[in-house]
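Descriptive structure summary
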Amino acid sequence: MNRFSYTRANDVSAALEAHRAPSAAFLAGGTNLVDLIREGVARPERLVDIRRLPMTGIEPNADGGMDIGALATNSAVAYDERIESRYPLLSKAILAGASAQIRNVATVGGNMLQRTRCHYFYDTATPCNKRQPGSGCGAMNGVNRIHAILGASEHCIAVHPSDMCVALAALDASVRVASDDGERVIPFDAFHRLPGDTPHIDTNLRDDEIIVGITLPADGFAQHNAYVKVRDRASYAFALVSVALALKLDGNRIEEVRCALGGVAHMPWRNRDAEAALRGKTLDAATVRDFASAMVRDARGRPGNAFKIELTARAIERAFEQASGISLASREDDAS
Ligand code: SF4
């Protein structure tokens, strides 16, 4: 482990000031950062402990939505009664992730900034463009079972590992960030980035900024929603594929759909054109299957992960069944 200095900030401006040092990193829950330091992947020269910053609140806002502080723990958010009743999709997604112990210390801001779980990223003996730009990508022709089928580049095929962020993307949340220039708001789907030729940059957060919170819009799609997570173990495993689905229905007619995918791309994945095409349609097996096909139309599989294309389509269909309570005929049933 490399040597680093440690400082504790009591307010946002002090945190930003301390973070200006070369190679400084904010420390909150530490559930990812400490692992990265232990593995030699992250080598900060200064840790700025921000746990005393007043950013743990979960409060209604003037627009009818909710503001959640960046230092609210995942457990505090998931079990907040207002979140459970108004934004159950968010609670479900958070509780599908990690373990109870990790959720008790992991923060909202840290969850958004967690790095990929690509095996090669954590193995400093292998090439990885995300860890060391220009070194190559070990996963491209290696073991890539957990890797991206959508939005990847020739430089990186890693996926974003969060469950919480998939729900936030479906809910059209926004991210509040602060710098010496004041605060700005980043729409959630503009926060994370696709890898392109700069896979070492995960988000559009600037170096001189800190996340202060997220804002949930008034509409939480509480009536019809589902979070479907497909993984290798029943708990404490990252998603091979996940689907956060929020629906508005008038009987069997689809008024609105939001669908975000996890485990398949470098960021939570949405296709707003496919969503828009569903409006006004009758919710039935054929409609959902067409939508699922549209969601994976641009997917590209590799030898290790091509199975995720069909898995994603089926997980989407499962999510529609769960969210609507309407039984959709299975593919096998249709074929018989
Ligand atoms: Fe690194 Fe991305 Fe390749 Fe994984 S997929 S080895 S994170 S460049």
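Residues numbered from 1 in each chain as written. Predicted model: local features only at pLDDT ≥ 70, side-chain atom pairs only at ≥ 80, totals over all residues. Heavy atoms only, no water.

A look at the nonpolar core
I68, V77, I83, L90, M112 and L216 are the most contacted members of the largest nonpolar core, which totals 52 residues. Residues within four places of L216 in sequence aside, it is in contact with N61, G65, M66, I68, I83, Y87, L90, L168, L171 and A173. Counting 35 residues, the second largest nonpolar core, distinct from the first, contains A265, A274, A292 and M295. (Core = buried A, V, L, I, M, F, W, Y, C linked by side-chain atoms within 4.5 Å. Buried < 20%, exposed > 50% of the residue type's maximum accessible area, 1.4 Å probe, protein only. Contact = heavy atoms within 4.5 Å.)

Considering the site of the ligand
Lining the immediate environment of the ligand, one finds 14 residues, of which C118, C128, C137, C156 and I157 sit closest. Across the shell around the ligand, the residue classes break down as nine nonpolar, four polar and one charged. (Near = heavy atom within 4 Å. Nonpolar A, V, L, I, M, F, W, Y, C, P; charged D, E, K, R; others polar.)

Things to note about the sheet that holds strand β2 (residues 24-27)
Reading across from one edge, β1-β3-β2 is the order of the three strands in this open sheet, with parallel pairing throughout. Edge positions in the open sheet fall to β1 (5-8) and β2, since each of these has one partner strand only. Across this sheet, the average inter-strand angle for adjacent strands is 25°, counted without regard to direction. Where β1 lies against strand β3 (residues 46-49), four bridges are found, and the strand directions are parallel. From the neighbouring strand, Y6 faces β3, where its bridge partner is L47. The sheet strands contacting helix α1 (residues 12-19) are β1, β2 and β3, and the helix crosses β2 at an angle near 145°. (Pairing = 2+ DSSP bridges. Helix = DSSP H or I, 4+ residues; strand = E, 2+ residues; numbered from the N terminus. Axes fitted to C-alpha atoms, helices over the stretch in contact; angles between N-to-C directions.)

Some words on the domain arrangement of the chain
Considered domain by domain, the chain is made up of domain 1 (5-50) and domain 2 (224-335). Placing the centre of domain 1 and that of domain 2 at their C-alpha centroids yields a distance of 38 Å. (Domains from an automatic or database assignment.)

Thoughts on the pattern of salt bridges
Applying the stated criterion to the full structure yields 24 salt bridges. R253 is the partner of E255 in a salt bridge, and the nearest nitrogen-oxygen pair spans 3.8 Å. Judged by relative accessible area, R253 falls into the partly exposed class, the value being 36%. (Salt bridge = Lys/Arg side-chain N within 4 Å of Asp/Glu carboxyl O.)

Remarks on helix α11 (residues 285-295)
Within the sequence span of α11, burial applies to A285, T287, V288, F291, A292, A294 and M295. Looking at the buried positions of α11, the neighbouring elements they touch are β11 (253-262), α10 (272-278) and α12 (307-324).

Details of the packing of α11 against α12
Closest axis-to-axis distance for the α11/α12 pair is 9 Å, and the angle between their directions is 140°. One element, α11, and the other, α12, form an angle in the oblique class. Like other packed secondary-structure pairs, α11 and α12 cross with a definite hand, here right-handed. Counting all contacts with α11, which are made through V288, R289, F291, A292 and M295, the residues of α12 involved are A313, I316, E317 and F320. Among the residues making up the contact of α11 with α12, the classes are represented as seven nonpolar, no polar and two charged. (Parallel < 35°, antiparallel > 145°, perpendicular 65-115°, else oblique. Left-handed = near helix turned anticlockwise from the far one by under 90°.)

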